[in-house]
Amino acid sequence: MSLHSQLSPVTLYIPTQSTEMDTNYDWKRKYIKKKLHGINTATWNIIAVYANTVTDEYPISYMRNLAERLVKTKYMLLLDADFIISPDFTKKFTEVVATLSSTQDKVAFVVPAFEYLEEIENESLIPQTKDQLKVQLSTKSSNLAPFRIQESPEAHRATDYDMWYTAKKPYVVEMYTDKYEPYLVLRKWNNVPSFDERFTGDGINKVAHIMELKAAGFQFVVLTDVWVIHLPHKRKQFTEKLLQDPLQRLHNRLTRFEFVADLIFKYKLGPCTAR
């Protein structure tokens, strides 16, 4: 299974095992070429971010912001590379936008996310329609499920999958929580909040971004005829560090407290707005 041909721009992070400054970019370029072998990248805008030493933190928020800055289209889908998108995504999204009368500057379009629990061997089984998707989800011992429904149910619960299965028109998210982290389509304009680059490694970065969109007055609207599916893969070393290193988790938590305090001050939320 490979990256979807419609995903662009793409930012790639290339780590290193060197304890000293690693400036040997030649092998890194060959590594990227090898990994992308067989994928049609003719329409891609690929930016590689190289680590300097083995101790560098994974700059995930910086990479997300870098990808956003490279977007040339009116709207942008914020998605990780281990997802595939539903057929005719752009066409169906454009049709939805055309039916909306108000400006979409402060609308965050939610794309429902699902996941394969185990690797699939036959790509022809990937659902091509919403009805096919629902059939696979309802099958006994299904290999398909709402994304992270067991590991982190609050991350996507507010999308309200039960409503989505029967909905014909976009609907507004009613039950936002501070753990909500859906995948979004946003209109590209100057006042869209960026990802906070204090967050590195895995964890918090997307939750924090959604939190700031909410604080900035964005409305979350669920799209009903498009979706994305996560493909299973070996867990990244950065994820392992987050799960196994209590100091890393504490660092993320403290950074989140600092971030929330900054949001309160920036957007004048509640009574505690002075410093």
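About the cut-offs
Residues numbered from 1 in each chain as written. Predicted model: local features only at pLDDT ≥ 70, side-chain atom pairs only at ≥ 80, totals over all residues. Heavy atoms only, no water. Helix = DSSP H or I, 4+ residues; strand = E, 2+ residues; numbered from the N terminus. Contact = heavy atoms within 4.5 Å. Expected span 1.5 Å × (residues − 1). Buried < 20%, exposed > 50% of the residue type's maximum accessible area, 1.4 Å probe, protein only. Arc of directions from axis to C-beta. Core = buried A, V, L, I, M, F, W, Y, C linked by side-chain atoms within 4.5 Å. Pairing = 2+ DSSP bridges. Axes fitted to C-alpha atoms, helices over the stretch in contact; angles between N-to-C directions. Phe/Tyr/Trp six-rings, centres within 6.5 Å; stacked < 30°, edge-to-face > 60°. Lys NZ or Arg CZ within 6 Å of the ring centre and 35° of its normal.

Colleague: Explain the side chain of Glu-68 to me, please; I cannot follow it from the model alone.
Modeller: Mapped onto the elements, Glu-68 comes out in helix H2 (residues 60–70). Once residues within four sequence positions are removed from consideration, Glu-68 is found in contact with Met-76, Leu-78, Lys-188, Phe-195 and His-209.

Colleague: Explanation requested: helix H8 (residues 246–267) in the structure shown.
Modeller: Taking 1.5 Å per residue as the helical rise, H8 with its 22 residues ought to reach 32 Å, and the 31 Å between its terminal C-alpha atoms agrees with that figure. Of the positions making up H8, those classed as buried are Gln-248, Asn-252, Thr-255, Arg-256, Phe-259 and Leu-263. The arc that holds the buried residues of H8, viewed along the axis, is 115°, so those residues lie on one side. Seen from the open side of H8, the exposed residues pointing more than 90 degrees away from its buried face are Pro-246, Leu-247, Arg-253 and Phe-257. Positive backbone phi, approximately 55°, marks Lys-268, located one or two places after H8.

Colleague: Quick question: what am I supposed to make of the nonpolar core here?
Modeller: Where a protein is soluble and globular, its nonpolar side chains tend to be buried together. Core analysis: the biggest nonpolar cluster contains 52 residues, and Phe-109, Phe-114 and Leu-186 have the highest contact counts within it. Beyond its immediate sequence surroundings of up to four residues, Phe-109 is in contact with Tyr-75, Phe-93, Val-97, Leu-100, Gln-104, Tyr-183, Leu-184, Val-185, Val-221 and Leu-223. Tyr-13, Val-49, Ala-51 and Tyr-58 belong to the second largest nonpolar core, which has eight residues in total.

Colleague: Where do I start with the sheet that holds strand S3 (residues 75–78) in this structure?
Modeller: Think of a sheet as strands paired side by side through backbone hydrogen bonds, with each pair either parallel or antiparallel. The sheet built from five strands is open, its strands ordered S3-S9-S5-S10-S8 with mixed pairing. Edge positions in the sheet fall to S3 and strand S8 (171–172), since each has one partner strand and no second. Relative to strand S9 (residues 183–187), strand S5 (residues 107–111) runs antiparallel, the two sharing four bridges. If you follow Val-110 over to S9, its bridge partner there is Leu-184. Helix H6 (residues 205–215) rests against S3, S9 and strand S10 (219–222) of the sheet, and its axis sits at about 45° to S9.

Colleague: Help me understand the packing of aromatic side chains, please; the structure alone is not making it clear to me.
Modeller: Each aromatic ring pair is specified by the distance between its two centres and by the angle formed by the two planes. Summed over the entire model, instances satisfying the criterion amount to 13 aromatic pairs. Residues Phe-114 and Tyr-161 carry aromatic rings whose centres are separated by 5.3 Å and whose planes lie at 70° to one another, so their mutual orientation is edge-to-face. You can see Phe-114 sitting in strand S6 (residues 113–116) and its partner Tyr-161 sitting in helix H5 (residues 161–166), a full 47 residues away along the chain. Here the two residues Phe-114 and Tyr-161 agree in accessibility, since each one is buried. Centroid distance Trp-164 to Tyr-165: 6.0 Å. Interplanar angle 70°. Geometry classified as edge-to-face. Like Tyr-165, Trp-164 is buried. One aromatic cluster in this structure is built from Phe-114, Tyr-161, Trp-164, Tyr-165 and Trp-227. The ring centre of Trp-164 lies 4.2 Å from the NZ or CZ of Lys-130, which sits over that ring. Over the face of the ring belonging to Tyr-183 we find Lys-206, whose NZ or CZ atom lies 4.0 Å from the ring centre.

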